[in-house]
Amino acid sequence: MTVAIPIPSIQLTPGSRISIANVTWQDFEEILLDLGEKRTSRITYYQNQLEIMSPLALHERPHRIIAYIVTTILAAQNRDWEDFGSTTLKLPEIAGIEPDTCFYIANSQRVRNCANLNLATDPPPDLAIEWDLTSKTTIDVYQALRVPEVWIYQNGQLTIYLWATQGYQTSLESQIFPDLTIATLVPHLIQKAITQGTNPMLKDLQTVLAQQL
C-alpha cells in the first residue's frame, strides 16, 4: 500500500533530514511553492533526488558571522557585492539548492536588479557558504551549478572548494581573497566573535585590514 503524505505536513526534528527519490523538476517547483518562503527547512534537488533538512537552532549563527566577515573584508577592499542569502539557486531540470548564504562579487552588477534567479541565463554566485555539511549531494549540486568557490565550515574548520573543469578541488587559499589566509582566519574570527562578541571582532578586523591597505 502506498500512502501519500503532503510535504508541508512532514515535521522534521532539528538536525534531521529526509531524502525523497524520483522527484521531477515540476514536483520540486511545486514543493517550493507549497512550503513557502517563511520556513526554517532547507531544500536540495539533484538528479531527481530531493533532500529536506531541518537545521539546528544554532545553525544560523556561524554562517551569519562568516557573512559579516566577508562583507567587512569586501568593504575594506572597496569592492562591490550583493548578498543573496539563502535564495534558491536553480538550474532548471538539473539542480536546485538553498545555501546558508551566498554572494555575488565579480558579477554583482549583473544581478543587482534580479528578482528571480535562473542559472540557465544568470551567472552563479561567486561564493556560497555552508555550515555543517552532512550530505555529499550539496557539493554535487554546487558543482552542477558551477559556483566558483564554496566554503564549508564544520567542526571549527573551514574547507575551501574551488571549481575546475574536472570538479571541485580543496584549497588552503581563496581565489576571492588571495591576499588573506582565509582557511585559518575565518575559524579564528568565528571563535573570537563567540568569546568576545561579533561587533568587537569586526572592529578589530577593520583595524587590521586598514593597516594592511
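This section reports on the structure supplied with the text. What you are looking at is a predicted structure, and each value in this text was computed from that prediction instead of being measured.

### Notes on the environment of Glu93
Moving on, step 1. Mapped onto the fold, Glu93 is located in the loop between strand 5 (89-91) and strand 6 (95-97).
Moving on, step 2. Taking the C-alpha atoms as reference points, Glu93 and Gln47, 46 residues apart in sequence, are found 8.3 Å from one another.

### Re helix 4 (residues 136-145)
Moving on, step 1. Where helix 4 is concerned, the buried positions are Thr137, Thr138, Ile139, Val141, Tyr142 and Leu145.
Moving on, step 2. Phi for Arg146, located one or two positions after helix 4, is positive at around 60°.

### Brief notes about unusual backbone geometry
Moving on, step 1. We note that Asn22 has phi near 60°; this positive angle belongs to a residue other than glycine.
Moving on, step 2. Note that Asn22 resides in the loop between strand 1 (17-20) and helix 1 (25-35).
Moving on, step 3. Take Asn22: its relative accessible area is 71%, and that puts it in the exposed class.
Moving on, step 4. Even without being a glycine, Asn48 presents a positive backbone phi close to 65°.
Moving on, step 5. The class of Asn48 is partly exposed, set by a relative accessible area of 39%.

### Here we look at the pairing of strand 3 (residues 49-53)
Moving on, step 1. Buried residues dominate strand 3, accounting for 4 of its 5 residues.
Moving on, step 2. Taken together, the 4 bridges between strand 1 and strand 3 define a ladder with antiparallel strand orientation. Bridge pairing in strand 3 places Ser19 opposite Glu51.
Moving on, step 3. Here 5 bridges tie strand 2 (residues 42-46) to strand 3, and the two strands are oriented antiparallel to one another. Residue pairing for strand 3: Tyr46 is matched across the bridge by Gln49.
Moving on, step 4. In textbook terms, the turn of a hairpin is the stretch between consecutive antiparallel strands, and for strand 2 and strand 3 this stretch comprises 2 residues, one of which, Gln47, has a positive phi near 50°.

### Quick word on the sheet that holds strand 6
Moving on, step 1. The sheet built from 5 strands is open, its strands ordered 1-3-2-6-5 with antiparallel pairing. The strands lining the two open edges of the sheet, one partner per strand, are strand 1 and strand 5. Neighbour to neighbour, the strand axes of the sheet diverge by 10° on average, direction disregarded.
Moving on, step 2. Looking at chain direction, strand 5 and strand 6 are connected through 3 bridges and run antiparallel. Residue pairing for strand 6: Leu89 is matched across the bridge by Ile97.
Moving on, step 3. Against the sheet, helix 1 makes contact with strand 2, strand 3, strand 5 and strand 6, and its axis sits at roughly 175° relative to strand 2, the strand it touches most.

### What to know about the side chain of Thr88
Moving on, step 1. Position of Thr88 among the secondary structure elements: in the loop between strand 4 (82-83) and strand 5.
Moving on, step 2. Of note is the side chain of Thr88, whose polar atom sits 3.0 Å from the side chain of Glu98.
Moving on, step 3. In contact with Thr88, not counting residues within four places along its chain, are Phe28, Leu32, Ile97 and Glu98.

Conventions we followed
Residues numbered from 1 in each chain as written. Predicted model: local features only at pLDDT ≥ 70, side-chain atom pairs only at ≥ 80, totals over all residues. Heavy atoms only, no water. Helix = DSSP H or I, 4+ residues; strand = E, 2+ residues; numbered from the N terminus. Buried < 20%, exposed > 50% of the residue type's maximum accessible area, 1.4 Å probe, protein only. Pairing = 2+ DSSP bridges. Axes fitted to C-alpha atoms, helices over the stretch in contact; angles between N-to-C directions. Contact = heavy atoms within 4.5 Å. Polar contact = N/O pair within 3.5 Å; in protein donor to acceptor, adjacent residues only side chain to side chain.

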